[in-house]
Every structure is written in C-alpha cells, then in structure tokens.
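Close look at the chain arrangement
Here is what each chain is made of, one letter per residue.
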Amino acid sequence: MAWTLKQDSLTKCVAYFADGNARTFHSLDWRHKYSRYKDRELGLTRLRSLIQKWGPLSNTAIIYDNETGLELERYEQGIKI
C-alpha cells in the first residue's frame with residue numbers, strides 16, 4: 001500500500017507569503033512510495049530546506065504537528081525564531 005500525502009504526513013508547513021497568499025506544504029516522511037516506515041526527522045529536514053528556498057518570499061512560515069496541531073517551529077523571512 002502506498003502512502004498518501006495529507007493523511008500520512010506527520011508534519012505540515014503553512015507559509016504566508018508577502019503577496020497575501022497562504023499555502024500548506026505537507027512533509028514527505030518516507031524515502032519512497034512503498035517504504036515501510038515513516039521518519040519524522042526526514043520530513044522535517046525536507047520542510048526546512050523548502051523554507052530555506054521560499055523563505056525570502058514569505059512573511060511567516062509555521063511548522064505544525066499534524067496529529068496534535070501544536071506549533072513546532074516558526075520562521076519569519078526564512079529565519080527561525
């Protein structure tokens with residue numbers, strides 16, 4: 001069985017861009033589509049690299065835990081606060 005992005009992701013990032021748009025990015029916590037295990041650190045590393053790429057264009061980026069909804073990390077202009 002393959003993983004699905006919204007249901008099986010452990011974390012998500014909500015980015016608020018300077019032009020007023022908001023976008024949600026879900027973490028990829030597995031190495032390939034049919035991987036047996038999820039790795040939270042792999043997903044967080046991928047989200048952090050995405051924030052480094054899009055950070056200067058966004059006002060705020062927040063990483064949340066998908067299961068509990070708690071805020072894990074917050075970035076402003078690509079810099080961790």
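In what follows, the structure referred to is the one given above.
Computed from a predicted structure; not experimentally measured.

The secondary structure content of the chain amounts to two helices and five strands. Written out in order from the N terminus, the α and β elements of the chain read α-β-β-α-β-β-β. Referenced to the eigenvectors of the C-alpha coordinate spread, the extents of the chain come out at roughly 40 × 25 × 20 Å. Looking at the chain alone, contacts between residues at least 24 apart form 45% of all its contacts between residues at least 6 apart. In the structure as shown, the chain presents an accessible area of about 5500 Å², 53% of it carried by carbon and sulfur atoms. Here the chain contributes 13 positive and 10 negative side-chain charges, whose respective centroids are spaced 6 Å apart.

This part covers helix α2 (residues 40-54). Along its 15 residues, α2 runs 21 Å from first to last C-alpha, staying within 8% of the 21 Å computed at 1.5 Å per residue. Of all the residues in α2, the buried ones are L42, G43, L44, L47 and I51.

Adjacent strands of a sheet pair through backbone hydrogen bonds, lying either parallel or antiparallel. Across the sheet, five strands lie side by side as β2-β1-β3-β4-β5; this open sheet has antiparallel pairing. Every other strand in the sheet has two partners, leaving β2 (22-26) and β5 (79-80) as the edge strands with one partner each. Alignment of strand β4 (residues 71-76) against β5, held across two bridges, turns out to be antiparallel. When the sheet's bridge partners are listed, Y75 is paired in β5 with K80. α2 contacts β1 (11-17), β2, β3 (58-65) and β4 of the sheet and is inclined by roughly 10 degrees relative to β1.

Counting ten residues, the largest nonpolar core consists of C13, A15, F17, F25, L44, L47, I51, A61, I63 and Y75. Of all the secondary structure elements, the ones that give two or more residues to this core are β1, α2 and β3. Among residues more than four places away in sequence, those in contact with L47 are T11, K12, C13, F25, H26, S27 and I63.

Looking now at empty space enclosed by the protein. All told, the structure shown has one cavity of 30 Å³ or more when counted by the stated rule. Approximately 50 Å³ is the volume attributed to the largest cavity. The wall of the largest cavity is formed by C13, A15, F17, F25, L50, I51, W54, G55, S58 and A61. Of all the secondary structure elements, the ones that give two or more residues to the lining of the largest cavity are β1, α2 and β3. In the lining of the largest cavity, the residues fall into eight nonpolar, two polar and no charged.

Attention shifts here to the pairing of β4. In this structure, β3 lies alongside β4, joined through five bridges in antiparallel fashion. Its bridge partner lying in β4, I62 is registered against R74. The hairpin turn running from β3 into β4, its antiparallel successor, is five residues long, and G69 in that turn takes a positive phi close to 80 degrees. Between β4 and β5, which pair antiparallel and follow one another directly, the connecting turn spans two residues, one of which, Q77, has a positive phi of 55 degrees.

Reading guide: rules and limits
- The numbering scheme is per chain: residues are counted from 1 as the chain's sequence reads.
- Local features in a predicted model are, by the rule used here, given only for residues with pLDDT of at least 70; side-chain atom pairs are given and counted only at 80 or more, and totals for whole chains, interfaces and linings are based on all residues.
- Computation of side-chain values covers all heavy atoms of the structure but excludes hydrogens and water.
- Per the convention used, a helix needs a DSSP run of H or I reaching at least four residues, while a strand needs a run of E reaching at least two, with both numbered from the N terminus.
- Two residues form a contact once any of their heavy atoms are found within 4.5 Å.
- Calculation of accessible area relied on Shrake-Rupley with a 1.4 Å probe; when residues are assessed, cover is drawn exclusively from the protein chains displayed.
- Here Asp and Glu are counted as negative and Lys and Arg as positive; His is not counted, and neither are the chain ends.
- Where a charge sits is defined by one atom per residue type, namely NZ (Lys), CZ (Arg), CG (Asp) or CD (Glu).
- Here the expected span of a helix is defined as 1.5 Å times the quantity of residues minus one.
- Burial here depends on accessible area, computed with a 1.4 Å probe over protein chains only, as a share of the maximum for the residue type. Under 20% is buried, over 50% is exposed, and the range in between is partly exposed.
- One requirement defines pairing of two strands: DSSP has to find at least two bridges between them.
- The axes used here are C-alpha line fits, helices contributing only the stretch in contact, and every angle between their N-to-C directions lies in the interval 0 to 180 degrees.
- Here, nonpolar core refers to any group of buried Ala, Val, Leu, Ile, Met, Phe, Trp, Tyr and Cys residues whose side-chain atoms link them within 4.5 Å.
- Grid points spaced at 1 Å over the protein atoms alone were grouped into cavities, where a 1.4 Å probe fits but cannot get out, and pockets, open sets with protein on both sides within 12 Å along at least five of seven lines, with lining residues defined by an atom within 4 Å of a point.
- Grid points are joined across faces, edges and corners, and a volume is the space filled by probe spheres set on the points.
- Three classes are used: nonpolar for Ala, Val, Leu, Ile, Met, Phe, Trp, Tyr, Cys and Pro, charged for Asp, Glu, Lys and Arg, and polar for all others, with Gly counted as polar.

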